[in-house]
Amino acid sequence: LPLCFPEKLWKMLESDQFRSIWWSEGGKCVAINKDLFKVEVLGRGVCQRVFNTRHIRSVIRQLNLYGFTKVQRNFQRSASLPEFLAEEAAASAHSQILYYYNPSFNRAHPWLLGTCRRR
């Protein structure tokens, strides 16, 4: 039987094969490096494809359909100009990383995966 979206996602997170997606926040959030994910996961050939799409928008739509919400990262800004500019550069690089949370998708509680249903 083919795996549903949350099961595929879980297997990817638990695999050491992918560098573009990982657990964050102690296993409570999914982190996706958008640019690397496009190449590493969505750029695969038909036989090796994980998802039936080549577009990050479709993966994000699936995340939303399964109850994941985007988590915004807040950065504290420094008052000094050099530190502020360095923080801006880091935040810009950080903006390529998307964070998604679902209370039923938690690394410490794999039995909850069965409750992660499509809306």
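Notes on the structure follow. Keep in mind that this is a model prediction, so the values were computed, not measured.

If you walk across this open sheet you meet the 4 strands as β1-β2-β4-β3, and the pairing is antiparallel. At either end of the open sheet lies a strand with only one pairing partner, and these are β1 (21–24) and β3 (69–70). In the sheet, strand β2 (residues 29–33) pairs with strand β4 (residues 97–101) via 5 bridges, with the strands oriented antiparallel. Bridge pairing in β4 places A31 opposite Y99. Packed onto the sheet, helix α1 (residues 5–14) meets β1 and β2 and runs at close to 85 degrees relative to β1.

A word on the state of the cysteines. For the structure on display, the rule yields 0 disulfides. Left unpaired, C4 is separated from the closest cysteine sulfur, that of C116, by 7.6 Å. Overall, the relative accessible area of 30% leaves C4 in the partly exposed class.

Turning our eyes to something else, we now look at the pattern of salt bridges. Tallied over the entire structure, the rule returns 1 salt bridge. A salt bridge links E14 to R107, with the shortest nitrogen-to-oxygen separation between them at 3.0 Å. On the criterion of sequence distance, the pair formed by E14 in helix α1 and R107 in the segment after β4 is long-range, its members being 93 residues apart. Judged by relative accessible area, which is 40%, E14 ranks as partly exposed. Given a relative accessible area of 43%, R107 falls into the partly exposed group.

So, how was this worked out
Residues numbered from 1 in each chain as written. Predicted model: local features only at pLDDT ≥ 70, side-chain atom pairs only at ≥ 80, totals over all residues. Heavy atoms only, no water. Pairing = 2+ DSSP bridges. Helix = DSSP H or I, 4+ residues; strand = E, 2+ residues; numbered from the N terminus. Contact = heavy atoms within 4.5 Å. Axes fitted to C-alpha atoms, helices over the stretch in contact; angles between N-to-C directions. Disulfide = S-S within 2.5 Å. Buried < 20%, exposed > 50% of the residue type's maximum accessible area, 1.4 Å probe, protein only. Salt bridge = Lys/Arg side-chain N within 4 Å of Asp/Glu carboxyl O.

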